[in-house]
Amino acid sequence: MTATPASSQSTSVVELSPSYVLPVVLVLSAVPLLLVQVWVGLAIALFGLFLLFQAVTLRLRFTFTDLDIYRGETLIRRFAYQDWQNWQIFWPQVPILFYFKEVQSIHFLPILFDPKMLQTCLEQHCPKANSN
């Protein structure tokens, strides 16, 4: 027998705080590369700045039924948990990439949010089935 969710859970929303670690590391690592390989250093610096902009403007919100992605107060994408088949955080010690598979598509997102809270919310809303 499983417990039914309380009605207060159906309205609770968890918004993940941003994490600037990945973008800042990319921008800082591009500086010495600029001295050796200008184009490679410039490409990495621009990618890091792009990710920094995304970390500042995007928000992930875990609701009772969906993972919502917001830019400011505008909902830009909704992913219903019922469509999820699998998820994975790559390199848990130094999280850089979050993957999840839906019924009809796969998604890769850079870790621009609090990785521990991301893991906690994923385990709460989309527990992994043991495949052993």
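These numbers were taken from a predicted model, which means no experiment stands behind them. Residue numbers restart at each chain and count upward from 1, following the sequence in its written direction. The predicted origin of the model limits local features to residues at a pLDDT of at least 70 and limits the giving and counting of side-chain atom pairs to 80 or more, whereas totals for whole chains, interfaces and linings rest on all residues. Calculated side-chain values reflect all of the structure's heavy atoms, with hydrogen atoms and water omitted.

Caption draft 1: Broad picture of the side chain of Arg59. By definition, any uninterrupted DSSP run of H or I lasting at least four residues is a helix, any uninterrupted run of E lasting at least two residues is a strand, and each is numbered from the N terminus. The residue Arg59 is located in strand E2 (residues 58-62) in this model. What qualifies as a polar contact is a pair of N or O atoms within 3.5 Å, subject to a donor-acceptor requirement within protein and to the restriction that residues adjacent in sequence count only when both atoms come from side chains. Engagement of the side chain of Arg59 in a polar contact is seen with the backbone oxygen of Ala55, the distance being 3.0 Å. There is a polar contact of 3.3 Å between the side chain of Arg59 and the backbone oxygen of Val56.

Caption draft 2: Main features of the confidence of the model for the protein chain. On a scale of 0 to 100, pLDDT captures the predictor's confidence in every residue. When pLDDT is averaged across the protein chain, the result is 89; 89% of the residues are at 70 or more. Of all helices and strands in the protein chain, the one with the weakest mean pLDDT is helix H1 (residues 7-11) (50), whereas helix H3 (residues 38-57) scores best (97). Scored below 50 in pLDDT, residues 1-9 shows two contacts in the model against residues more than four places distant or in partner chains. Two residues qualify as a contact provided that any one of their heavy atoms is within 4.5 Å of a heavy atom in the partner residue.

Caption draft 3: Quick peek at H3. In this scheme, a helix's expected span is set at 1.5 Å multiplied by one less than its residue total. In this model H3 runs 28 Å from its N-terminal to its C-terminal C-alpha over 20 residues, within 8% of the 28 Å that 1.5 Å per residue would give. Among the structural elements, helix H2 (21-36), E2, strand E3 (66-71) and strand E7 (106-110) are those in contact with the buried residues of H3.

Caption draft 4: Spatial organisation of unusual backbone geometry. For Trp91, which is not glycine, the phi dihedral falls at a positive 55°. Residue position: Trp91 is located in the loop between strand E5 (84-90) and strand E6 (97-102).

Caption draft 5: Up close: the nonpolar core. With 24 residues, the main nonpolar core has Phe62, Trp84, Trp87, Phe98, Leu118 and Leu122 as its most contacted residues. Residue assignment for this core shows that the elements contributing at least two residues are H2, H3, E2, E3, E5, E6 and helix H4 (115-125). When residues no more than four places from it in sequence are discounted, the contact partners of Leu122 are Phe62, Trp84, Trp87, Ile89, Phe98 and Pro127. Remark: nonpolar core denotes a set of buried residues (Ala, Val, Leu, Ile, Met, Phe, Trp, Tyr, Cys) joined through side-chain atoms within 4.5 Å. Three exposure classes are used, based on accessible area relative to the maximum for each residue type with a 1.4 Å probe and protein chains only: buried under 20%, partly exposed in between, and exposed over 50%.

Caption draft 6: Structural view of the packing of aromatic side chains. Side-chain rings of Phe, Tyr and Trp, where Trp is taken by its six-membered ring, are said to pair if the distance between their centres is within 6.5 Å; with planes under 30 degrees apart they count as stacked, over 60 as edge-to-face, and otherwise as tilted. In the structure shown here, the tally under the stated rule is eight aromatic pairs. Look at Trp84 and Phe100: their rings are 4.2 Å apart centre to centre, the planes differ by 15°, and that puts the pair in the stacked class. Here Phe100 lies in strand E6 and Trp84 lies in strand E5, a separation of 16 residues in the sequence. Each member of the pair, Trp84 together with Phe100, is buried. Pairing Phe90 with Tyr99 gives two aromatic rings, centres 6.3 Å apart and planes at 50°, and the pair type is tilted. A residue is classified by how much of its surface remains accessible, and Phe90, at 33% relative accessible area, is partly exposed. Of the aromatic side chains, those joined through ring pairs into one cluster are Phe62, Phe79, Tyr81, Trp84, Phe98 and Phe100.

Caption draft 7: Fine view of the sheet that holds E3. At least two DSSP bridges between two strands are needed for those strands to be called paired. Ordered by their spatial adjacency, four strands build an open sheet running E1-E2-E3-E4, and the pairing between neighbours is antiparallel. At either margin of the open sheet sits one strand with a lone partner, and together these are strand E1 (14-15) and strand E4 (74-80). Two strands pair when backbone bridges link them, and E2 and E3 are joined in this way by five bridges, in the antiparallel orientation. Residue pairing in the sheet places Arg61 in a bridge with Asp68 of E3. Against the sheet, H3 engages E2 and E3, with an angle of about 50° to E2. Packing of H4 onto the sheet brings it into contact with E1 and E2, and relative to E2 it is tilted by some 35°. A fitted line through C-alpha atoms serves as each axis, taken over the contacting stretch for helices, and the angle formed by two N-to-C directions is quoted from 0 to 180°.

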